[in-house]
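# Coordinate inspection notes
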Amino acid sequence: MKFDTSKVWNNMFTGGLGFLLAQARTGFMADMERELAPLNITSAQFMVVVGIAHDRARTLTEFCDFMGYDSGAMKRLLDRVEEKGIIRRVRSLEDRRSQILELTEEGHAIYPHIMEAVRRVHARSLDGFTPDEVATLQGYLQRIIASNRR
């Protein structure tokens, strides 16, 4: 059965799906910024650390795909994280023209603190949800993401 999007479209500015997703993301990222401030790291910089630590992205191109940034913006972000001593660029052994990103000792040291901040934000965001509701929400969001990739 095909979903009738007209009701979502008509309701877009009063609580439609896109608006709600955007508001949820905005609130979540603002809370992340507050939690990460004592670590002197932004929410975008945290995504770089987590991307490397969880092996989701290791090159400029992979990070552009992972974070949805253009290459210029991504390069500037990576430069800022590198200036903080959290990551470093190393030449790829397979392709000497390519650089691989990895965490420095400082990056490995800050990672557990970042993840604790993430846990606190998640706990606040999901306060009042049952474990089953959290699982259902994650499933729905994964389905939306998969639909958007088609």
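In this text the structure is predicted, and so the values were computed from the model without any measurement. (Residues numbered from 1 in each chain as written. Predicted model: local features only at pLDDT ≥ 70, side-chain atom pairs only at ≥ 80, totals over all residues. Heavy atoms only, no water.)

### Topic: the nonpolar core
Counting 27 residues, the largest nonpolar core has Val48, Phe63, Met74, Ile87 and Ile114 as its most contacted members. Of all the secondary structure elements, the ones that give two or more residues to this core are helix H2 (17–36), helix H3 (43–53), helix H4 (60–67), helix H5 (71–83), strand S2 (99–103) and helix H6 (105–125). (Core = buried A, V, L, I, M, F, W, Y, C linked by side-chain atoms within 4.5 Å. Buried < 20%, exposed > 50% of the residue type's maximum accessible area, 1.4 Å probe, protein only. Helix = DSSP H or I, 4+ residues; strand = E, 2+ residues; numbered from the N terminus.)

### Quick look at the packing of aromatic side chains
Under the counting rule described, the total for this entry stands at one aromatic pair. Taking the centre distance of 6.1 Å and the plane angle of 75° together, the rings of Phe63 and Phe66 count as edge-to-face. In this pair, Phe63 and Phe66 are both assigned in helix H4, three residues apart and thus about one turn of the helix distant. On the accessibility criterion, Phe63 (0% relative accessible area) is buried. Under the relative-accessibility criterion, Phe66 is labelled partly exposed at 26%. (Phe/Tyr/Trp six-rings, centres within 6.5 Å; stacked < 30°, edge-to-face > 60°.)

### Quick word on the pattern of salt bridges
Side chains that differ in sign of charge can pair as their charged atoms come close. As enumerated under the stated definition, the model contains eleven salt bridges in all. With its nearest N and O atoms 2.3 Å apart, the salt bridge here joins Glu82 to Arg89. Since its relative accessible area comes to 30%, Glu82 is described here as partly exposed. Accessibility expressed as a relative area gives 22% for Arg89, which makes it partly exposed. The shortest N-O distance in the salt bridge between Arg120 and Glu116 comes to 3.8 Å. In this pair, Arg120 and Glu116 are both assigned in helix H6, four residues apart and thus about one turn of the helix distant. According to the relative accessible area criterion, Arg120 is partly exposed, its value standing at 34%. It is possible to trace a salt-bridge network through shared partners that takes in Asp31, Arg34, Glu35, Glu116, Arg119, Arg120 and Arg124. (Salt bridge = Lys/Arg side-chain N within 4 Å of Asp/Glu carboxyl O.)

Nothing here speaks to function; it is geometry throughout.
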